[in-house]
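# Structural features, examined
Here's the letter readout for the chains.
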Amino acid sequence: QVDIYIGSPWYPAADGVISDISFTEAVDNTPIFMSDYFYGGSRQITRSEEGKPDAVVISPPTDYSLRFTIEPKGKVDNWGSILFFTPGGTRQRVPGIIFYPGSTKLQVRTDDSDGMEYQDLPYELALHRKHAIEVRVYGTKSSVYVNGELASQKTIGTR
């Protein structure tokens, strides 16, 4: 089981609006989770309450595509949480999406058999503009796309 938090209970929320969230199996693009905001809505990211996830996926895939749109509105002094997928109330990230402190530079955190893996975008996202983000994890590769362009790719361990 994986708990899905928009924002997170462990870090301040990113100053931004999120929309169009989808989580699909990477093998055949089978829908696994689509948020209430997928078709028409968006939401200001707020700090979540621990134990009260926005959604739960009972049997999440190992290989997946996570897509969402984010519009950064400002920067926060601490890590700015965006999305956290955690196994049943733990702080493990599968994945966690977060902004660097004082920045709109994305970091994707994934845990594997070796521990925490970090994947950083090489640049900040522009404020007050929508950015389509896709995190693809397939086999031993984790790739992050911004507006359809590959921004970062990393070899990861087994999950």
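Predicted model, so just to flag it, every value in this text is computed and none were measured. (Residues numbered from 1 in each chain as written. Predicted model: local features only at pLDDT ≥ 70, side-chain atom pairs only at ≥ 80, totals over all residues. Heavy atoms only, no water.)

## Concerning the pattern of salt bridges
Taken as a whole, this structure holds six salt bridges when the rule is applied. Note that Arg 43 and Asp 54 form a salt bridge whose closest N and O atoms lie 3.1 Å from each other. With Arg 43 in strand 4 (residues 42-44) and Asp 54 in the loop between strand 4 and strand 5 (55-57), this residue pair connects regions lying 11 residues apart in the sequence. A residue is classified by how much of its surface remains accessible, and Arg 43, at 19% relative accessible area, is buried. When the shortest N-O distance is used, the salt bridge between Lys 75 and Glu 124 registers 3.2 Å. (Salt bridge = Lys/Arg side-chain N within 4 Å of Asp/Glu carboxyl O. Helix = DSSP H or I, 4+ residues; strand = E, 2+ residues; numbered from the N terminus. Buried < 20%, exposed > 50% of the residue type's maximum accessible area, 1.4 Å probe, protein only.)

## Description of the environment of Ser 48
In this structure, Ser 48 sits in the loop between strand 4 and strand 5. A residue is classified by how much of its surface remains accessible, and Ser 48, at 13% relative accessible area, is buried. Ignoring any residue separated from it by four or fewer positions in sequence, one finds Ser 48 in contact with Tyr 5, Ile 6, Gly 7, Ser 8, Pro 9 and Asp 54. Of the polar contacts made by the side chain of Ser 48, one reaches the backbone oxygen of Ile 6; its length is 2.8 Å. (Contact = heavy atoms within 4.5 Å. Polar contact = N/O pair within 3.5 Å; in protein donor to acceptor, adjacent residues only side chain to side chain.)

## So, the pairing of strand 6 (residues 64-72)
A large share of strand 6 lies buried, amounting to eight of its nine residues. As paired strands, strand 2 (residues 16-25) and strand 6 are joined by eight bridges and run antiparallel to one another. What sits directly across from Gly 16, in strand 6, is Pro 72. Pairing between strand 6 and strand 11 (residues 131-138): seven bridges, direction antiparallel. Each residue of the ladder has a partner; that of Arg 67, found in strand 11, is Glu 134. (Pairing = 2+ DSSP bridges.)

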